[in-house]
Amino acid sequence: MLKPLGDRIVVKFEEVEETTASGFVLAGGSHEATKTATVLAVGPGSRTLHGDLIAPSVAKDDKVLVENGAGLDVKDGDDKVSIVRESDILAILS
């Protein structure tokens with residue numbers, strides 16, 4: 001498992017497959033502004049100018065809303081995951 005550094009967070013995006021009324025499959029999330037993801041791992045947080053640690057606002061297994069196009073896609077074994085910054089996460093879904 002990847003261990004993110006700083007304010008970075010490892011997420012796995014939910015695959016969304018949409019079809020038209022006639023049955024054509026649309027590319028998942030190509031027209032959306034946000035994506036839903038599950039948090040897999042969380043870094044320790046960011047530091048202030050004085051060296052104080054600011055803990056992240058999300059935790060492992062949270063469902064979050066992430067900006068479309070944010071982060072870096074990487075392979076973790078057979079899984080495709082993304083590493084995003086905490087600032088790219090817009091909300092925690094409950």
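Residues numbered from 1 in each chain as written. Predicted model: local features only at pLDDT ≥ 70, side-chain atom pairs only at ≥ 80, totals over all residues. Heavy atoms only, no water.

- Per an unreviewed UniProt entry, the protein chain goes by Co-chaperonin GroES and derives from Streptococcus criceti HS-6.
- Per its UniProt entry, the protein chain bears the Subunit (unreviewed entry) comment "Heptamer of 7 subunits arranged in a ring. Interacts with the chaperonin GroEL."
- As recorded by UniProt, the Sequence similarities (unreviewed entry) comment attached to the protein chain reads in full: "Belongs to the GroES chaperonin family." (UniProt positions renumbered as here; feature names shortened; annotations may be inferred.)

**Some points on the overall build of the protein chain**
Thinking step 1. For the protein chain, the count of helices and strands is zero helices and 10 strands.
Thinking step 2. Moving toward the C terminus, one meets the helices and strands of the protein chain in the order β-β-β-β-β-β-β-β-β-β.
Thinking step 3. Within the protein chain, the fraction of its 94 residues that count as buried is 23%.
Thinking step 4. Working note: accessible area of the protein chain is about 6,300 Å², and carbon and sulfur atoms make up 53% of it. (Helix = DSSP H or I, 4+ residues; strand = E, 2+ residues; numbered from the N terminus. Buried < 20%, exposed > 50% of the residue type's maximum accessible area, 1.4 Å probe, protein only. Areas by Shrake-Rupley, 256 points an atom, 1.4 Å probe, with all protein chains shown as cover.)

**Overview of the nonpolar core**
Thinking step 1. Of all hydrophobic cores here, the largest spans 11 residues; its members are Ile 9, Val 11, Phe 13, Ala 37, Val 39, Val 58, Val 64, Val 66, Ala 70, Val 84 and Ile 89.
Thinking step 2. Of all the secondary-structure elements, those providing two or more residues to this core are strand E1 (8-13), strand E4 (34-42) and strand E7 (63-67).
Thinking step 3. Every residue in contact with Val 64, bar those within four places of it in the chain, is listed here: Lys 35, Thr 36, Ala 37, Val 39, Val 58, Ile 89, Ala 91, Ile 92 and Leu 93. (Core = buried A, V, L, I, M, F, W, Y, C linked by side-chain atoms within 4.5 Å. Contact = heavy atoms within 4.5 Å.)

**A few points about the sheet that holds E4**
Thinking step 1. Reading across from one edge, E8-E9-E1-E4-E7-E10 is the order of the six strands in this open sheet, with antiparallel pairing throughout. Strands with a single pairing partner mark the edges of an open sheet, and in this sheet they are strand E8 (72-76) and strand E10 (89-93). In this sheet, neighbouring strand axes are inclined to one another by 45 degrees on average, regardless of whether the strands run parallel or antiparallel.
Thinking step 2. Relative to E4, E1 runs antiparallel, the two being bridged by five bridges. Across the sheet, the residue bridging to Lys 12 is Thr 38, located in E4. (Pairing = 2+ DSSP bridges. Axes fitted to C-alpha atoms, helices over the stretch in contact; angles between N-to-C directions.)

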